Amino acid sequence: MPGLLRGVARTAAVAGTATAVSNRVSRRQAGRWAQQDYDQQQQQAPPPPAAPPAPAPASASASDDMSHRIDQLKQLTDLKAQGVLTDEEFESQKRRLLA
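Just so you know, these numbers come straight off a predicted model, no measurement behind them.

## Remarks on the overall build of the protein
Scanning the protein for helices and strands turns up 3 helices and 0 strands. A buried classification covers 9% of the 99 residues belonging to the protein. Accessible surface, the protein: about 8100 Å² in total, of which carbon and sulfur atoms supply 58%.

Structure (structure tokens):
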């Protein structure tokens, strides 16, 4: 009988150790996969939308005002080319600048 108990105890200890190791490996793998998923989502996330250009200051001279508007139109064109602005948004902002 003592030999049987010793064998059962040894089997229980081995099985318990194997279960603990298996659970730890599973948790580490799940953590790595979660980190990989997070990294992939961060790479695929679209850039935040850009704020519309600020209006020209009212106290600027006529030539400064015109050059500022040209710069803003260039920025709008760049944003449209990057896909940040839709055609409708681009047209509405352009009309607002040229008004």
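## Some points on a positive patch on the surface
Together, Arg24, Arg27, Arg28 and Arg32 make up a positively charged patch on the protein surface. Among the secondary structure elements, arginine 32 is positioned in helix α1 (residues 2–44).

## What to know about the nonpolar core
One finds Leu76, Leu79, Leu85, Phe90 and Leu97 forming the largest nonpolar core, which totals 5 residues. If you list the elements that add at least two residues to this core, you get α2 (62–82) and α3 (87–98).

## Here we look at the packing of α2 against α3
Interhelical geometry of α2 versus α3 gives an angle of 180 degrees and a closest axis separation of 10 Å. Between α2 and α3, the angle falls in the class roughly antiparallel. Here Arg69, Gln72, Leu73, Leu76, Thr77 and Lys80 of α2 come into contact with α3, specifically with Asp87, Phe90, Gln93, Lys94, Leu97 and Leu98. Classifying every residue of the contact of α2 with α3 by side-chain character gives 5 nonpolar, 3 polar and 4 charged.

## Details of the confidence of the model for the protein
Mean pLDDT over the protein: 77, with 82% of residues reaching 70 or higher. Of all the helices and strands in the protein, α1 carries the lowest mean pLDDT, 77, while α3 carries the highest, 86.

Rules behind the numbers
- Residues numbered from 1 in each chain as written.
- Predicted model: local features only at pLDDT ≥ 70, side-chain atom pairs only at ≥ 80, totals over all residues.
- Heavy atoms only, no water.
- Helix = DSSP H or I, 4+ residues; strand = E, 2+ residues; numbered from the N terminus.
- Buried < 20%, exposed > 50% of the residue type's maximum accessible area, 1.4 Å probe, protein only.
- Areas by Shrake-Rupley, 256 points an atom, 1.4 Å probe, with all protein chains shown as cover.
- Patch = residues over 30% accessible without salt bridge, like charges linked within 9 Å, V, L, I, M, F, W, Y side chains within 5 Å.
- Salt bridge = Lys/Arg side-chain N within 4 Å of Asp/Glu carboxyl O.
- Lys, Arg positive; Asp, Glu negative; His and termini not counted.
- Charge placed at Lys NZ, Arg CZ, Asp CG, Glu CD.
- Core = buried A, V, L, I, M, F, W, Y, C linked by side-chain atoms within 4.5 Å.
- Axes fitted to C-alpha atoms, helices over the stretch in contact; angles between N-to-C directions.
- Parallel < 35°, antiparallel > 145°, perpendicular 65-115°, else oblique.
- Contact = heavy atoms within 4.5 Å.
- Nonpolar A, V, L, I, M, F, W, Y, C, P; charged D, E, K, R; others polar.
- pLDDT = per-residue confidence, 0-100.

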